[in-house]
Structure formats: structure tokens, C-alpha cells
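Reading the structure
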Amino acid sequence: FDAAALTVDVLHGGFASGDIAAGGDGLYATDITLTRPMRRGETTSLVYETRFAYPEPPAPEFRRAGVNRIENVDLLVQFDPARLPHAVFFASWPALDGSPENQTEMRLEPDGSVHVFLAGLEHAIAGFHWEW
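Since the model is a prediction, treat every value here as computed from it, not as a measurement.

Tallied over the full model, the rule gives four aromatic pairs. Considering the side-chain rings of Phe79 and Trp132, the 6.4 Å spacing of their centres and the 90 degrees angle between planes classify their relative orientation as edge-to-face. In this pair, Phe79 sits in the loop between strand S8 (70–78) and strand S9 (87–93) while Trp132 sits in the segment after strand S12 (124–131), placing the two residues 53 residues apart along the sequence. Aromatic pair Trp130 and Trp132: ring centres 6.5 Å apart, planes at 80 degrees, arrangement edge-to-face. A residue is classified by how much of its surface remains accessible, and Trp130, at 11% relative accessible area, is buried. The cationic tip of Arg63 hangs over the ring face of Trp93; the distance from NZ or CZ to the ring centre is 5.1 Å. Geometry around Trp132 places Arg83 over its ring, the cationic atom sitting 4.2 Å from the centre.

Set out below in C-alpha cells:
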């Protein structure tokens, strides 16, 4: 994550430690222990929710990076109905400090959310950015 001011709740597949640790390069991480040990080549589902509580307004974006291959990535951002953005874009980024590229304008769902499912994410950064 790009901020230490968050909580991580694991909804399926594991347990979060609750501790947020600095990982370098301005990123933070938490350990998630799977509900059971995995055998080599076995797959499982992991569903978790992050809630951010920034002390200052952050950049209007939400991104996830995949270094090693992550399969079946479900990205969802829920906006407060009292403060919906003017426009939301799904995009990729060439680097953490780069500008978004390959962007597609999204339509907000009636509940004020945007959602994208990715079959896989590897050596890539993908997510949403928006305009107020």
C-alpha cells in the first residue's frame, strides 16, 4: 500500500496480522496468513478489503501492482454517495511514479462504485484514477 493509515480485513482465505509495516520506497505492507498451508502448485482464493484513512487528501487514484503473477484480480472502489467523482478511468501505469496510460473511462454503478476484473496481473500496475 502507499499509506500506513489503513486497515486490512480478510473476508475469505486467511487472517491479517493487523500490523502495517514500512516496506521501503514509500510502500507499506501487512502479513496475511492463509487459512491452511498450500501444496506446491495448489491455488486458493484470498478476498480482503482495505479501508484508507488518510490524514491529508491523497492523489485521486487507486492502484495495485503485480510483480509476480496474480490471477483473478478483482478491483473495486466504492465512493461516498455524497461525494461522487466527475469522471473515473481504468488505467495502467508504467511505474509507481509515472502518469497513467492506456486509460478507459468507466461508468459509475448506481451505488457509486467502479469495478474491473482482471484474469491476471504480472509485472504491471493497474487501477483507477478520477477527477472531482
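Now for the environment of Gln103. If you trace the backbone, Gln103 turns up in strand S10 (residues 101–106). Taking the C-alpha atoms as reference points, Gln103 and Arg39, 64 residues apart in sequence, are found 38 Å from one another. Excluding anything up to four places from it in sequence, Gln103 contacts Phe89, Phe90, Ala91 and His129. Of note is the side chain of Gln103, whose polar atom sits 2.6 Å from the side chain of His129.

Ordered by their spatial adjacency, four strands build an open sheet running S7-S12-S9-S10, and the pairing between neighbours is antiparallel. Looking at strand neighbours, the two that pair on one side only are strand S7 (61–66) and S10, the edges of this open sheet. Pairs of neighbouring strands in the sheet enclose a mean axial angle of 15 degrees, with direction left out of account. Pairing between S9 and S10: four bridges, direction antiparallel. Counted as the bridge partner of Phe90 is Thr104 from S10.

As a further point, take the nonpolar core. Formed by 14 residues in total, the largest nonpolar core has its most connected members in Leu75, Phe90, Leu118 and Phe128. At the level of secondary structure, the elements contributing two or more residues to this core comprise S8, S9, strand S11 (113–121) and S12.

For the structure shown, the criterion picks out five salt bridges. Among the ionic pairs, Glu42 bridges to Arg39, the shortest N-O distance being 4.0 Å. In this structure, Glu49 and Arg51 form a salt bridge, with 3.0 Å as the shortest nitrogen-oxygen distance. Counted as one network, the salt bridges with shared partners bring together Arg36, Arg39 and Glu42.

Parameters and conventions
Residues numbered from 1 in each chain as written. Predicted model: local features only at pLDDT ≥ 70, side-chain atom pairs only at ≥ 80, totals over all residues. Heavy atoms only, no water. Phe/Tyr/Trp six-rings, centres within 6.5 Å; stacked < 30°, edge-to-face > 60°. Helix = DSSP H or I, 4+ residues; strand = E, 2+ residues; numbered from the N terminus. Buried < 20%, exposed > 50% of the residue type's maximum accessible area, 1.4 Å probe, protein only. Lys NZ or Arg CZ within 6 Å of the ring centre and 35° of its normal. Contact = heavy atoms within 4.5 Å. Polar contact = N/O pair within 3.5 Å; in protein donor to acceptor, adjacent residues only side chain to side chain. Pairing = 2+ DSSP bridges. Axes fitted to C-alpha atoms, helices over the stretch in contact; angles between N-to-C directions. Core = buried A, V, L, I, M, F, W, Y, C linked by side-chain atoms within 4.5 Å. Salt bridge = Lys/Arg side-chain N within 4 Å of Asp/Glu carboxyl O.

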